[in-house]
Amino acid sequence: MIVNTKWLEQYTEIPYSPEELEEKLTYLGLESTIKKNPAEKINGVIISEITEIFPHPNADRLCICRVDTGINTMDVVCGAPNVKVGQKVPLVKIGTTLPNGMTLKPVKIRGVQSEGMLCAEDELGLSDDHGGIMVLDNEAPVGMELKDYLAGSGTSIDIDLTPNRPDCTSHIGVARDITLLTGKELKIPEIEFTESDESVRDYIDVEIINEIGCPRYAARVVRGVRVGPSPKWLVDFLGSVGVRSINNVVDAANFVLLETGHPLHTFDYRMINGNKIIVRSAKDGEEVETIDGVRRELIKDVLLICDAERPVAVAGIMGLANSEINEDTTDILIESAYFDPATIRKGSKYLGLQTDASYRFERGADPEGVIYALNRLSDLIVQLAGGAVCKGIVDCYPRIVKPREIIVRFKRVNSLLGVDIQQDWIVEKFEKLGCKILDRDSGSVRVEAPSWRPDLEREIDMIEEVVRIYGMHNVPNAKVMRIQPNYETTHDYELVEKLRELIANFGLYEMCSNSLVNQVFTEFGPQTLSPVKVKNPLSQDMSHLRTTLIPGLLQTAKRNLNHQNPDLPLFEIGFVQHYNPQKETHAEEFQKFAILLAGFFEEKYWGYERRKADVFILKGILERIANRFGISKIDFKLEKHKQFDQIISTEVDGRQLAYLGRISQKYLQNDWDIEIPVFVLEGDVSTLIHLSSQSRQYVELPVFPSIQRDISILVDTNIKVADVERLIVGKGGKYLQELRFYDLYKGKNIDKGQKSVTFNLVFRAEERTLKDAEVEDTMAAVHKTLLKELGAKLR
Amino acid sequence: MNLLERTNEVRSQLKEDLSKVQNTFQSIEDFRLKYIGKKGLIPSLFRDFSALCATEKREIGKILNILKKDAEKAVQNIQDRFADSQSGEDEFDYTLPGVPFNRGHLHPVTQTMNRICDIFKEMGFGIEFGPEVETDFYNFQALNFPDNHPARDMQDTFFIEDDILLRTHTSPVQIRTMLKQKPPIRILAPGRVFRNEAINSRSYCVFHQVEGLYVDENVTFGELKVTIEVFAKKFFGKDVKLRFRPSYFPFTEPSAEVDISCIICGGKGCRLCKHTGWLEIMGCGMVHPNVLNTCGIDSEKYSGYAFGMGPDRITLLKYGINDIRLLFEGDIRFLRQF
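Residues numbered from 1 in each chain as written. Chains lettered and ligands numbered in written order. Predicted model: local features only at pLDDT ≥ 70, side-chain atom pairs only at ≥ 80, totals over all residues. Heavy atoms only, no water.

### Some details on the overall build of chain A
For chain A, the count of helices and strands is 19 helices and 39 strands. A buried classification covers 51% of the 795 residues belonging to chain A. Considering only contacts within chain A whose residues lie at least 6 apart along the sequence, 69% involve residues at least 24 apart. Summing over all exposed atoms, chain A offers an accessible surface of approximately 37900 Å²; the carbon and sulfur share of this is 48%. (Helix = DSSP H or I, 4+ residues; strand = E, 2+ residues; numbered from the N terminus. Buried < 20%, exposed > 50% of the residue type's maximum accessible area, 1.4 Å probe, protein only. Contact = heavy atoms within 4.5 Å. Areas by Shrake-Rupley, 256 points an atom, 1.4 Å probe, with all protein chains shown as cover.)

Written out as structure tokens, the structure reads:
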């Protein structure tokens, strides 16, 4: 909603500068921004009068205008089609820089020297209009700077209205809010016209079939008008809030809309058949052509205004082409109605059409403002376009919108806000708002809310009024902040954050990807479940909720590879959804943690050779996570899956915790156009939390020394380290405390098909110092077993 | 040549040799053996010295002892010098980069969310979560958004079914918590939310919210104000100024928007704050009685406040990031910066 200060001043005195007003309205809840006047930037453009026009000697399309600047006369070459002698026009002098950056230089046009330039509005940065030179009003003073002339039209302020304030979709509404601060009077324009002898009932009859959609419909008829241009004051007022002048009747209706906030509609009376207006629901499939020239198919949710034979308007939204005001219209039917907000909203949503009228009706127009707006428009039409207003009003009001009574307890106001506001102050402000004070005692006041404030329904709404008028900045901060014991909070949040920190500390960067993905992304991974589909997606690439985090990571990897950044240690923690009709929301949500590695895992460094991404980094991360969450044992199991070259699933106590692996190179190439190896891990956060254990027990430090032995053997390459370990543990005896595999070697000096594996064994007895000989015996037994079971050779 | 003359001769020779000793083990060892080795010049002088008579001994003994000490000291010095050079002090390049320990870290929005949560946790707020796929009841109806109300336009919605949608704010967590817990309730609800808005540099269809709720007896607007002020000063710095402007949200009344003085210009006006001097950081208000009553909490006995903010926007402001899409693209060059 744009308001203009000069326009607002018609209704109340404003003792503030535009900047002060901007701030005060904002503090009242009407978030305001002064619209910069584009004319401010124009320097060196003065108002001149065209005194003579000569044809250009060398060009048919050009002419030479002699203009009077008040000091001298100048000849200017001009190509605009609309120049006429006597026009007041802005003249750009040589040397002036226009808002578009062009500086006017002395120039000969087709052999004739031009001493300046006449220009269109777009060249001055005032609008997009390039239809001809800008022509000013006849009263514009010759010789005056254009910007000084335009500055006289007030300051425009753009208000970002919240949906609860339909009353402020008007200048009177905003002016009323200003009086809350100034205490000054609100002046509503008086109605001055006198009615003719002809009765309106002879011309029109109104029947409301859908009374819920249209609780009130009033009409007047004005006869004998002359449609023509509007006077300057009206054009200027409308222009100041961005509304273009059309003709005096349409402009008058727009003016009353912007003045009172009440949308009105004018029909060409000639086109209304049978002297009849019928308000009814549309039929499914009924077709109409609105004044914007669009044919629209309707449904029964749309409310129609009809004459005896056919629809003439889509109620509260837009008129139809068949009954529009034309230049030759003489008799006008004015509609002023109150339509049900929900009905208009449904219609407007269905048609995809929001208009100045629907915007106001769906927020709630003033049911009691119907008659004033009707009279105000009739009055203006008579003033601007002549004619006579028929006697009487057809006012069909089958469903009275009841006024709302509200009891406000003064104590409640102060206790909820934490303030101490005087009762008299509160009552005075309620009156200024337009409330009727019905009753008042020492503890409370009973008011009737004004009909233009549908948002005032109950006590809390009135408390909100108090605080916005009192000023939120005047409410003191409480001195004490209360903290209550809380036994309800879970520690899951802390555990998730711990996991996040932990993964980042392995050297991974957290990322955050879109939850909305292409359907093909939901077909990834060992566990494909049916995805949740969005009914109204932004695009097919965002049509489903992700079922796994991996495709999001892959997409990110792809983007980074395109930027020649192949070294990617990435992770994400987030929710995924699966379709499950058993659930209240038909979706089951799982929080996942996922990691993607590609390229080198470590930074380049002079001191060591950096490690490339591989499965064992992921395995190590998972083992470390498990350790930090108090999980002692994970079972790894080799699986097979077509999207993976290697895939390992992990279980803890029979529950699936995570899977990890190397994505199939073929799949990467075909589906992702990725050429380098990519390794991923995905695990379930709530399983991790469920399995986690806080209890860690201290183990007594050993008293007696240990004995260490290394064993290095050659075995076939298909022998698994875990199998070797099992054999060692089996023969290691009760004093074998630790067994650690620490070296794997293939290649030089080792036969093909063989590998060297090396373990470190720690022996210790708790009650005494072990003897070397005991350990030697055990080691010999271990060697024997390995030789027997695996054919292992000692190295 | 008598012993005294020989002693002086050795001294001058020692001085000359010392200047010629190279900083190598061999050269130093040669020098040591020549003078103080068992068969060296100085021990040989001492051997001759023992043959002298008492008077001569008294005359020369002192001089000879000084020479011995000086020679030993010289050897010690050149040995120390050699040892120092061997320790590599000259070749030690302290400018070599240190080990680049695991450099990963959290996403900037996570960092912002964690900081917000930490501040409110200090103020006694517990953390609660709710589903991202929600029902119309929790996301709208229970929050006092009537059907067919223009307030629903404030939040363009992705629908799954007619009554199931992607939550447009984390406010449903308030409802779920109030239905489950009894006052006093003091919670924070961080999470991901969705709006069906075109993607551009200023808006993304997925973003985050942190909402807070406090319900108890006699909760006042003044308490809301001080809570927000403590948060803002801890988060943005204690010199930051706040302003509360009346606004409208269906689930709170009175409702307010909170602005802070611009973190770049301090309120003078700059491009970031669009020359207003203020930056909008959150919405808040007193919980609407309809919301309390819907959740079975007597709005006559209890009152409460709620607030909500967007950590994505705060992250953009804090780091001067001009395109919200960067937060969701995972460009490693971007992620590394925080």
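### Focus on the packing of helix α11 (residues 423-433) of chain A against helix α12 (residues 459-470) of chain A
Residue and element names in this part refer to chain A. Interaxial distance between α11 and α12 falls to 10 Å at its minimum, and their mutual angle equals 100°. As far as their axial angle goes, α12 and α11 are roughly perpendicular. Counted together, W425, I426, K429, F430 and L433 of α11 and M462, E465, V466, R468, I469 and Y470 of α12 form the full contact between these two elements. Of the residues belonging to the contact of α11 with α12, the class tally is eight nonpolar, no polar and three charged. (Axes fitted to C-alpha atoms, helices over the stretch in contact; angles between N-to-C directions. Parallel < 35°, antiparallel > 145°, perpendicular 65-115°, else oblique. Nonpolar A, V, L, I, M, F, W, Y, C, P; charged D, E, K, R; others polar.)

### A word on the side chain of A:S543
Residue and element names in this part refer to chain A. Tracing the sequence through the fold places S543 in the loop between β28 (516-517) and β29 (544-545). Under the relative-accessibility criterion, S543 is labelled buried at 3%. Among the polar contacts made by the side chain of S543, one reaches the main-chain carbonyl oxygen of Q540 at a distance of 3.2 Å. Every residue in contact with S543, bar those within four places of it in the chain, is listed here: V517, N518, Q519, V532, K533, V534 and P537. (Polar contact = N/O pair within 3.5 Å; in protein donor to acceptor, adjacent residues only side chain to side chain.)

### Some remarks on the interface of chain B and chain A
Each partner contributes to the interface: chain B provides 98 residues, whereas chain A provides 92 residues. Buried area between chain B and chain A, summed over both chains or domains, comes out near 8100 Å², and the portion from carbon and sulfur atoms is 56%. Interface area lost by chain B to chain A is led by B:N148, B:P246 and B:E253, which between them contribute 8%. Our count for the chain B to chain A interface comes out at nine salt bridges. Our count for the chain B to chain A interface comes out at 46 residue pairs in polar contact (both at pLDDT 80 or more). Top contributing element to the side of chain B that touches chain A by residue count: helix α8 (residues 221-236) of chain B, with eight residues. (Buried area = accessible area lost by both parts, 1.4 Å probe. Salt bridge = Lys/Arg side-chain N within 4 Å of Asp/Glu carboxyl O.)

### Some remarks on the nonpolar core
A:Y217 and B:F307 are the most contacted members of the largest nonpolar core, which totals 212 residues. By size, the runner-up hydrophobic cluster in this structure holds 37 residues, among which are A:V496, A:V615, A:I631 and A:V652. (Core = buried A, V, L, I, M, F, W, Y, C linked by side-chain atoms within 4.5 Å.)

### Some details on empty space enclosed by the protein
Tallied over the full model, the rule gives three cavities of 30 Å³ or more. Estimates place the volume of the largest cavity at around 80 Å³. For the largest cavity, the lining is made up of 13 residues, of which A:G29, A:N164, A:R165, A:R468 and B:S247 are closest to its centre. Taken together, the elements giving at least two residues each to the lining of the largest cavity come down to α12 of chain A together with β7 (242-249) of chain B. In terms of residue class, the lining of the largest cavity is made up of three nonpolar, four polar and six charged. The calculated volume of the second largest cavity comes to roughly 50 Å³. Around the second largest cavity sit A:R412, A:L416, A:I460, B:M286, B:V287, B:P289, B:L292, B:S299, B:Y302 and B:S303, which together line it. Those elements giving two or more residues to the lining of the second largest cavity turn out to be α10 (410-417) of chain A together with β9 (278-287), α9 (289-294) and β10 (302-309) of chain B. Split into classes, the residues belonging to the lining of the second largest cavity amount to seven nonpolar, two polar and one charged. (1 Å grid on protein atoms, 1.4 Å probe; cavity = no way out; pocket = protein on both sides within 12 Å on 5 of 7 lines; lining within 4 Å. Points joined across faces, edges and corners; volume = space filled by probe spheres on them.)

### Topic: the sheet that holds strand β3 (residues 159-161) of chain B
Residue and element names in this part refer to chain B. One open sheet holds the three strands; their spatial order is β2-β4-β3, and the pairing between them is antiparallel. Pairing within the sheet leaves two strands with one partner each, and these edge strands are β2 (133-135) and β3. Pairwise comparison of adjacent strand axes, ignoring direction, gives a mean angle of 35° for this sheet. Bridge analysis of β3 against strand β4 (residues 164-166) gives two bridges, and the strand direction is antiparallel. Note on β4: the bridge partner recorded for F159 is L165. (Pairing = 2+ DSSP bridges.)

### What about helix α1 (residues 3-20) of chain B?
All names here are of chain B. The end-to-end C-alpha distance of α1, which contains 18 residues, comes to 25 Å, matching closely the 26 Å that a straight helix rising 1.5 Å per residue would cover. Along α1, the residues classified as buried are L3, T7, V10, L14 and D17. Down the axis, α1 shows its buried residues gathered within 90° of arc, on one side only. Set apart from the buried face of α1 by more than 90 degrees, the exposed residues are K15, S19 and K20. The secondary structure elements touched by the buried residues of α1 are α2 (25-35), α3 (41-49) and α4 (54-86). Capping the start of α1, N2 holds a side-chain oxygen 3.1 Å from the backbone nitrogen of L4, two or three residues further along. (Expected span 1.5 Å × (residues − 1). Arc of directions from axis to C-beta.)

### Examining a nonpolar patch on the surface
A surface patch of nonpolar side chains, amounting to about 300 Å² of accessible area, comprises A:Y608, B:V99 and B:F101. By the secondary structure assignment, A:Y608 is in the loop between β31 (587-598) and α15 (615-628). (Patch = residues over 30% accessible without salt bridge, like charges linked within 9 Å, V, L, I, M, F, W, Y side chains within 5 Å.)

### Structural notes on a positive patch on the surface
A cluster of basic residues, A:K498, A:R624, A:R628 and A:R696, forms a positive patch at the surface. Among the structural elements, A:K498 can be located in helix α13 (residues 492-505). (Lys, Arg positive; Asp, Glu negative; His and termini not counted. Charge placed at Lys NZ, Arg CZ, Asp CG, Glu CD.)

### As for the side chain of A:E286
Residues and elements named next belong to chain A. By secondary structure assignment, the location of E286 is in the loop between β15 (276-281) and β16 (287-289). Residue classification places E286 among the buried positions, given a relative accessible area of 14%. Other than its neighbours up to four places away in sequence, E286 contacts R280, R296, E297, L298, L304 and P311.

### Topic: unusual backbone geometry
Following B:P183, the chain continues into B:P184 via a peptide bond in cis, with omega recorded as 0°. Looking at the secondary structure, you find B:P184 in the loop between α7 (171-180) and β5 (185-194). The residue after B:E253, namely B:P254, is reached through a cis peptide bond having omega -10°. Note on placement: B:P254 falls in strand β8 (residues 252-261). Positioned with a positive phi, A:D673 is a non-glycine residue whose angle comes to about 60°. On the secondary structure map, A:D673 appears in the loop between α16 (665-672) and β35 (678-684). Even without a glycine there, the phi angle at B:K274 is positive, about 50°. Note that B:K274 resides in the loop between β8 and β9.

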